[in-house]
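Structure at a glance
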Amino acid sequence: MKPFRYCPACATELDAADPDGGGRCPNCERSWYRNSSPTVGAAIVHNGSALATVRGREPEKGRLDVPGGFLGPGEHPLDGLRREVKEELGINVDATVEDCISMAIHRYGTEGDFVLALGFKSSVSGEPSMSDLTGSDDVAEVRWVSAEELEDLDFAWPHDRELLRKALRDGGS
Ligand SMILES: [Zn+2]
């Protein structure tokens, strides 16, 4: 992941990056760091199968992941989880801090940015029609997969396979 070259606030060229990857702006005197971006993902288990989604957008379009996405600034992970799943699948899920069963670092996109991926075992609230999930622009297709099927599927990031494997082992609604 490349350090910032120009100040994100005032566009002045930054002083050379320090060993931690931070660059100081000689104009506004702020220091800028490239940190991992946090994401949240939902492991939804229903009738012995886990929900996987086919990515509708680049990067990794056409490969599998789980519903979820990047957190907004200041957004709590559980709020982000509910928001993302609602946006992508139109359903309400719930999870607690204790349901966080996976933490992984991976690279994302052409720049290889670092992502901190938090995976939550999530339950669906209410009685949605689980067979009618259609997806959104982010999601090309929704698949229900068994523990055996998991092994042969083309996941964009291996930690999502691990997350679903773990959630299936724990059981679900
Ligand atoms: Zn500046």
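What counts, and where the lines are drawn
Residues numbered from 1 in each chain as written. Predicted model: local features only at pLDDT ≥ 70, side-chain atom pairs only at ≥ 80, totals over all residues. Helix = DSSP H or I, 4+ residues; strand = E, 2+ residues; numbered from the N terminus. Buried ≥ 20, exposed ≤ 12 C-beta atoms within 10 Å, placed from the backbone. Contact = placed C-beta atoms within 7 Å. Pairing = 2+ DSSP bridges. Expected span 1.5 Å × (residues − 1).

1. Examining the overall build of the protein
Of the regular secondary structure elements, the protein holds three helices and ten strands. Considered along the principal axes of its C-alpha atoms, the protein spans approximately 60 × 30 × 30 Å. Among the 173 residues that make up the protein, the fraction classed as buried is 27%. Considering only residue pairs separated by 6 or more positions, the protein has 60% of its internal contacts joining residues 24 or more positions apart.

2. Considering the pairing of strand β9 (residues 113-124)
Here strand β3 (residues 37-46) runs beside β9; their pairing, made up of eight bridges, is parallel. When the bridges of β9 are listed, A42 appears paired with F120. When strand β7 (residues 93-94) meets β9, the two strands line up antiparallel, connected through two bridges. When the sheet's bridge partners are listed, V93 is paired in β9 with V124. Pairing between strand β8 (residues 100-108) and β9: eight bridges, direction antiparallel. Within β9, the position partnered with I105 by the bridge is L116.

3. Describing helix α1 (residues 77-89)
Here α1 contains 13 residues, and its C-alpha end-to-end distance of 18 Å stays within 8% of the 18 Å for a straight helix at 1.5 Å per residue. For α1, the full list of buried residues reads L81, R82, E84, V85, E88 and L89. In the stretch just after α1, G90 is the one whose phi turns positive, near 75°.

4. Details of helix α3 (residues 158-170)
Over its 13 residues, α3 runs 19 Å from end to end, which matches the ideal 18 Å to within 8%, given 1.5 Å per residue. Here α3 has its buried residues at H159, D160, R161, L163, L164, A167 and L168. Phi for G171, located one or two positions after α3, is positive at around 85°.

5. A look at the environment of A117
Among the structural elements, A117 can be located in strand β9. Sequence-wise, A117 and T53 are 64 residues apart; in three dimensions their C-alpha atoms are separated by 16 Å. Residue contacts for A117: discarding those within four places in its chain leaves T39, G41, A104, H106 and H159.

6. Structural notes on the environment of Y33
With respect to the element layout, Y33 can be found in the loop between β2 (31-32) and β3. Note on Y33: 12 C-beta atoms within 10 Å, which makes it exposed. Spatially, the C-alpha atoms of Y33 and E84 are 26 Å apart, while their sequence positions differ by 51 residues. For Y33, the contacting residues outside a window of four places in its chain are D20, G21 and G22.

7. Some details on unusual backbone geometry
The linkage connecting E58 with the following residue, P59, adopts the cis geometry, with an omega of -5°. Structurally, P59 is set in the loop between β4 (49-55) and β5 (64-65). A positive phi angle, close to 50°, is found at N47, a residue other than glycine. By secondary structure assignment, the location of N47 is in the loop between β3 and β4. Residue classification places N47 among the exposed positions, given that 8 C-beta atoms sit within 10 Å.

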